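Here's the letter readout for the chains.
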Amino acid sequence: MRAPNPNKILLVRFSALGDVVQTLPVLSMLRDSFPNAKIGWAIDTELAPVIEGHPALDYLHRCSRREWSQALTRPRQWPAAIRDFRAFVNEVRAVGYDVAIDAQGLFKTALLPCQAGIPRRIGY
């Protein structure tokens, strides 16, 4: 039995400009395969302008990955980083994605769909 077509799909690829550019065909293929689905992308704030306004994209979720990484070594920044991460997760959760595709395949990118409660996760 096949799973029903997803209504909302999240593509997760946070960083590396070249990797983001190489992931763009996945976005186009998702749009071609699921023309009625809403598609979002979770990406580093610094790289968001690369995909902002893409016609296949419905949602753009920006994360402060660099700030979070820097906060790891600065305990005074932990509360702010935790609040920021929770807000990011809640933003993604509020959309109600059916499927997440982790195109980066790292623990940190796998954490988002899990924390956001996305039931079907493809990737890491």
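So, how was this worked out
- Residues numbered from 1 in each chain as written.
- Predicted model: local features only at pLDDT ≥ 70, side-chain atom pairs only at ≥ 80, totals over all residues.
- Heavy atoms only, no water.
- Patch = residues over 30% accessible without salt bridge, like charges linked within 9 Å, V, L, I, M, F, W, Y side chains within 5 Å.
- Areas by Shrake-Rupley, 256 points an atom, 1.4 Å probe, with all protein chains shown as cover.
- Salt bridge = Lys/Arg side-chain N within 4 Å of Asp/Glu carboxyl O.
- Helix = DSSP H or I, 4+ residues; strand = E, 2+ residues; numbered from the N terminus.
- Buried < 20%, exposed > 50% of the residue type's maximum accessible area, 1.4 Å probe, protein only.
- Contact = heavy atoms within 4.5 Å.
- Pairing = 2+ DSSP bridges.
- Axes fitted to C-alpha atoms, helices over the stretch in contact; angles between N-to-C directions.
- Parallel < 35°, antiparallel > 145°, perpendicular 65-115°, else oblique.
- Left-handed = near helix turned anticlockwise from the far one by under 90°.
- Nonpolar A, V, L, I, M, F, W, Y, C, P; charged D, E, K, R; others polar.
- Expected span 1.5 Å × (residues − 1).
- Arc of directions from axis to C-beta.

**As for a nonpolar patch on the surface**
- There is a patch of nonpolar side chains on the surface, built from Leu-17, Val-21 and Val-50 and spanning about 230 Å² of accessible area.
- Within the secondary structure layout, Val-50 lies in helix H2 (residues 48–51).
- Residue class for Val-50 comes out partly exposed when judged on its relative accessible area of 37%.

**Comments concerning the environment of Asp-44**
- Tracing the sequence through the fold places Asp-44 in strand E2 (residues 38–44).
- For the pair Asp-44 and Cys-63, spaced 19 residues apart in sequence, the C-alpha separation works out to 4.9 Å.
- Setting aside chain neighbours within four positions, we find Asp-44 in contact with Phe-14, Cys-63, Arg-65 and Arg-66.

**Considerations on the pairing of strand E1 (residues 8–12)**
- Counting buried positions over the five residues of E1 gives four, a clear majority of the element.
- As paired elements, E1 and E2 share five bridges and run parallel to each other. Considered in E2, the bridge of Ile-9 is made with Ile-39.
- Bridge count between E1 and strand E4 (residues 99–102): four bridges; the pairing is parallel. When the bridges of E4 are listed, Leu-10 appears paired with Ala-100.

**Overview of the packing of helix H4 (residues 78–95) against helix H5 (residues 107–115)**
- Two elements in contact, H4 and H5, have axes separated by 9 Å at closest approach and are oriented at 60°. Relative to H5, the element H4 lies oblique. Between H4 and H5 lies a crossing of right-handed hand. Residues Phe-85, Phe-88, Val-89, Val-92 and Arg-93 of H4 lie in contact with H5, whose contacting residues are Leu-111, Leu-112 and Gln-115.
- Along the lines of polarity and charge, the residues of the contact of H4 with H5 split into six nonpolar, one polar and one charged.

**A word on the pattern of salt bridges**
- One pass over the structure, following the stated rule, counts two salt bridges.
- Here Glu-52 makes a salt bridge to Arg-62, at a shortest N to O gap of 2.6 Å. Linking Glu-52 in the loop between H2 and strand E3 (59–63) with Arg-62 in strand E3, this pair joins segments that are 10 residues apart in sequence.
- Residue Arg-62 is classed as partly exposed on the basis of its relative accessible area, which comes to 36%.

**Things to note about unusual backbone geometry**
- A positive phi is found at Ala-16, a non-glycine position, where the angle reads about 75°.
- Structurally, Ala-16 can be placed in the loop between E1 and helix H1 (17–33).

**Topic: H4**
- For H4, spanning 18 residues, the distance from its first C-alpha to its last is 26 Å, which sits close to the expected 26 Å at 1.5 Å a residue.
- Buried within H4 are the following residues: Ala-81, Phe-88, Val-89, Val-92 and Val-95. Along H4, the residues classed as buried sweep out an arc of 120° about the axis, all on the same side. Seen from the open side of H4, the exposed residues pointing more than 90 degrees away from its buried face are Arg-83, Arg-86 and Ala-94.

All we've got here are geometric facts, nothing functional implied.
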